Amino acid sequence: MSRGIAWQGVWTVLVFAFILTPIASLVFFSFNADRFPSLPWGGFSLEWYRAIFADDTVRAGFWRSIQVSAFVAVVATFIGFATAYTDYRYNFRGKMPYLAIAALPPTVPVLILGLGMLSFFSMVNLVGTLRAVMFGHVVICAPFAMALIRMRLADMSPDIEPAAWNLGASRWATMWRVTIPWCLPSIIASLAITAAVSFDEFMIAWFVSGLEETLPVRILALLQGQVSPRINAIGSLVFFISITLAAIGQLFASRKESTA
Amino acid sequence: MTANSKPKLQFDRFAWFWRAPALIWQSAFFLAPLALVFAMSFWVVKSYRLTPDFVLKNWDRMLTRDYFWTAYLYTFEVSLLVAVLASVIAFPAAHYLAFKASPTVRRWGIFFLVTPFFTSYLVRIYSWKIILSNEGVINVMLGRLGLGPFELLNNMTGAVIGYLTLCLPLTIIIQTFALSNVDRSLIGAAQNLGCSALRTTFKVTIPAARIGLILAATFAFILTFGDYVSPSYLGGGSPPTMSILIVDQTKSGNNWPRASVVAVTMVVTLITVLFAALFAAYGRPGKAQ
């Protein structure tokens, strides 16, 4: 028995090592002075970070990504909340297809969404604008927001809102004073998670952004060229931003009964 | 209740305020683009302009070419391979997290598995590209032992490593949840009756967790089937996958209708696989859970 646990433990460690290796190596070699990010270690250096902060295309891409993810976080979280609340409170004809449309986008390969959005946005003259990227990202982020907020609503007794209504509160007031405060941890989690998803998304952005490259699209372009430790430095920055957002999201998502 | 005291047929502004956003947004920016991909596969490009039409030319052009079917079969086979590989590699880890690990270890494990899902896949693939190259860490270390260098890039090995990076975290998470929901008393009973650990796993645990295990493999298949980054940057683009065909037709060929043919074929395949998997998971009549 204990031998069984031992080899499974070792196996689990190996699998996690495989998952985490590319990230560890990325960050490690971003501080390496050598031109090629490999062994032997060429000495500690911040040269590559300095190089990317001086690079205008990287700075512009970074700024665009921030704008896009801020917009996407707010709009996707609003849509996600509205959908989760609809599912929680109402039964109506066509609810199944309604929820299917709301939940399905992440199951379609982003490449195919990218192609569809490219042709669709080109018809309404939005290709090459940041707005196209924003609109597209909301499509894939709203379902995540819905799932997170729906889980929180599942823990709210369905009698609480009717109680407030019976005491004379309007439905809007009940929403504002009861339902939204209850959902607040999951709303914060959803803002962080959707921002992280949008900040990392490159396929839709690559198809519709044109010359308005976001940071991941910039990285994609760099990938097609020479290997350079500068990509390690950008990658590490992107990674720290998204891991921070993801960690904030998970922290709030897993909070229980904290606002009760 | 006040909320229900209004006459039923009146337009309920409150309800529609919450119902409408997803409906409007996903119809405009999700359903419409998808419908357009389908429609475009019948359109034509006339003097560099996309023109609505109804012709089967694009379908004919693509489906009669060998390179299309080569790409299709390769993509299908490699997705199947990755689904199996990811499931087999993930299972002992998921088993450990579900049954053996302490609650704290399990929580941290799940945290480390969810995090990659929200962090740049592109950047991780870039990192593998350096690690696996001829001058990369692995070949340098093997070289000191007098081995190699091994070609780990621009072939299927590289692509599969990338696919596993994409799929493994989700596969382990789904498997862990599936295994956690298995009734412990079943396993205890089997072992009390003298069933060995290995036999219990194959005869009791796996059948009981069947639905989750099939779903985990299906997600690995879907993710691999649609991925563009691993096959092009780690796999070297040869043989091309369906995703590479789409990008080539869109970006360099500028032939959106032909790209749409590839995309529609992919969607149809994925839906078929998904239904087959759901049938395998839920639909076998006469078999108890």
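Everything here concerns the structure above.
Residues numbered from 1 in each chain as written. Chains lettered and ligands numbered in written order. Predicted model: local features only at pLDDT ≥ 70, side-chain atom pairs only at ≥ 80, totals over all residues.

> Tell me about the overall build of chain A, and please be specific about residues and values.
For chain A, the count of helices and strands is eleven helices and zero strands. Taken from N to C terminus, the helices and strands of chain A fall in the order α-α-α-α-α-α-α-α-α-α-α. Each principal axis of the C-alpha distribution contributes one length, and for chain A these read about 70 × 65 × 30 Å. Among the 260 residues that make up chain A, the fraction classed as buried is 48%. For chain A, the proportion of contacts with a sequence separation of at least 24, taken over those separated by at least 6, is 81%. (Helix = DSSP H or I, 4+ residues; strand = E, 2+ residues; numbered from the N terminus. Buried ≥ 20, exposed ≤ 12 C-beta atoms within 10 Å, placed from the backbone. Contact = placed C-beta atoms within 7 Å.)

> Please give an account of the overall build of chain B that cites residues and values.
For chain B, the count of helices and strands is 13 helices and two strands. Whereas a compact globule of 289 residues would reach a radius of gyration of roughly 19 Å, chain B reaches 24 Å, over 25% beyond that. With the C-alpha coordinates of chain B rotated into their principal frame, the extents come out at 80 × 75 × 35 Å. Among the 289 residues that make up chain B, the fraction classed as buried is 43%. Of the contacts formed within chain B by residues at least 6 apart in sequence, a portion of 72% connects residues at least 24 apart. (Rg over C-alpha atoms; globule rule 2.2 N^0.38 Å.)

> An account of the packing of helix H10 (residues 210-226) of chain B against helix H13 (residues 256-282) of chain B is needed here, citing residue identities and associated values.
Residue and element names in this part refer to chain B. With their axes 9 Å apart at the nearest point, H10 and H13 run at an angle of 170° to one another. In this view, H10 runs roughly antiparallel relative to H13, as classed from their interaxial angle. Along its contact with H10, which presents Arg 210, Ile 211, Ile 214, Leu 215, Thr 218, Phe 221, Ile 222, Phe 225 and Gly 226, the element H13 presents Met 266, Leu 270, Val 273, Leu 274, Ala 277, Ala 280, Ala 281 and Tyr 282. Split by residue class, the contact of H10 with H13 holds 14 nonpolar, two polar and one charged. (Axes fitted to C-alpha atoms, helices over the stretch in contact; angles between N-to-C directions. Parallel < 35°, antiparallel > 145°, perpendicular 65-115°, else oblique. Nonpolar A, V, L, I, M, F, W, Y, C, P; charged D, E, K, R; others polar.)

> Hey, could you go over the interface of chain A and chain B for me, with residue numbers and the actual values?
The interface is formed by 68 residues belonging to chain A together with 65 residues belonging to chain B. If you tally residues by element for the side of chain A that touches chain B, the top one is helix H1 (residues 2-29) of chain A, at 13 residues. Its residues placed into classes, the side of chain A that touches chain B shows 50 nonpolar, 16 polar and two charged.

> Give me helix H5 (residues 110-123) of chain A: which residues, what numbers.
Residues and elements named next belong to chain A. Between its first and last C-alpha, H5 extends 20 Å over 14 residues, near the 20 Å set by a 1.5 Å rise per residue. The element H5 is largely enclosed, with a buried count of twelve among its 14 residues. Listing the buried residues of H5 in full gives Val 110, Leu 111, Ile 112, Leu 113, Gly 114, Leu 115, Gly 116, Met 117, Leu 118, Ser 119, Phe 120 and Phe 121. (Expected span 1.5 Å × (residues − 1).)

> Explain the nonpolar core to me, using residue names and the numbers behind them.
Grouped together as the largest cluster of nonpolar side chains are 154 residues, with contacts concentrated most on A:Val138, A:Ala142, A:Ala145 and B:Ala220. Ranked by residue count, the leading element in this core is helix H6 (residues 130-154) of chain A, at 14 residues. If sequence neighbours within four positions are ignored, A:Ala145 has contacts with A:Ala76, A:Thr77, A:Ile79, A:Gly80, A:Phe81, A:Ser190 and A:Thr194. (Core = buried A, V, L, I, M, F, W, Y, C linked by C-beta atoms within 7 Å.)

> Quick one: what's the story with the packing of helix H3 (residues 66-100) of chain B against H10(B), residue by residue and with numbers?
All names here are of chain B. In contact at an axis separation of 8 Å, H3 and H10 are set at 140° when each is read in the N-to-C sense. Between H3 and H10, the angle is such that the two are oblique. Crossing hand, H3 versus H10: right-handed. From H3, Thr 75, Val 78, Ser 79, Leu 80, Val 82, Ala 83, Ala 86, Ser 87 and Ala 90 reach across to H10, where they touch Leu 213, Ala 216, Ala 217, Ala 220, Phe 221, Thr 224 and Phe 225. For the contact of H3 with H10, the class distribution of residues is twelve nonpolar, four polar and no charged. (Left-handed = near helix turned anticlockwise from the far one by under 90°.)

> I'd like a description of the environment of B:Trp128, backed by residues and values.
Among the structural elements, B:Trp128 can be located in helix H5 (residues 121-132). In sequence terms B:Trp128 and B:Ser232 are 104 residues apart; their C-alpha atoms lie 13 Å from each other. Once residues lying within four places of it in the same chain are set aside, the contact partners of B:Trp128 are A:Pro22, B:Ile161, B:Gly162, B:Thr165 and B:Leu234.

> Please provide a residue-by-residue account of the environment of B:Thr104, values included.
All names here are of chain B. Among the structural elements, Thr 104 can be located in helix H4 (residues 103-114). You can call Thr 104 exposed: it has 8 C-beta atoms within 10 Å. Separated by 69 residues in sequence, Thr 104 and Ala 35 place their C-alpha atoms 47 Å apart.

> An account of the environment of A:Ala60 is requested, with residue identities and associated values reported.
Within the fold, A:Ala60 resides in helix H3 (residues 56-89). Distance from A:Ala60 to A:Gly94, taken between C-alpha atoms, is 44 Å for residues 34 residues apart in sequence.

> Residue-level account of unusual backbone geometry, with values.
Even without glycine at this site, A:Asn125 takes up a positive phi of about 60°. The topology assignment puts A:Asn125 in the loop between H5 and H6. With a phi close to 55°, B:Asn154 is a non-glycine residue in the positive phi region. By the secondary structure assignment, B:Asn154 is in the loop between helix H6 (137-144) and helix H7 (156-180).

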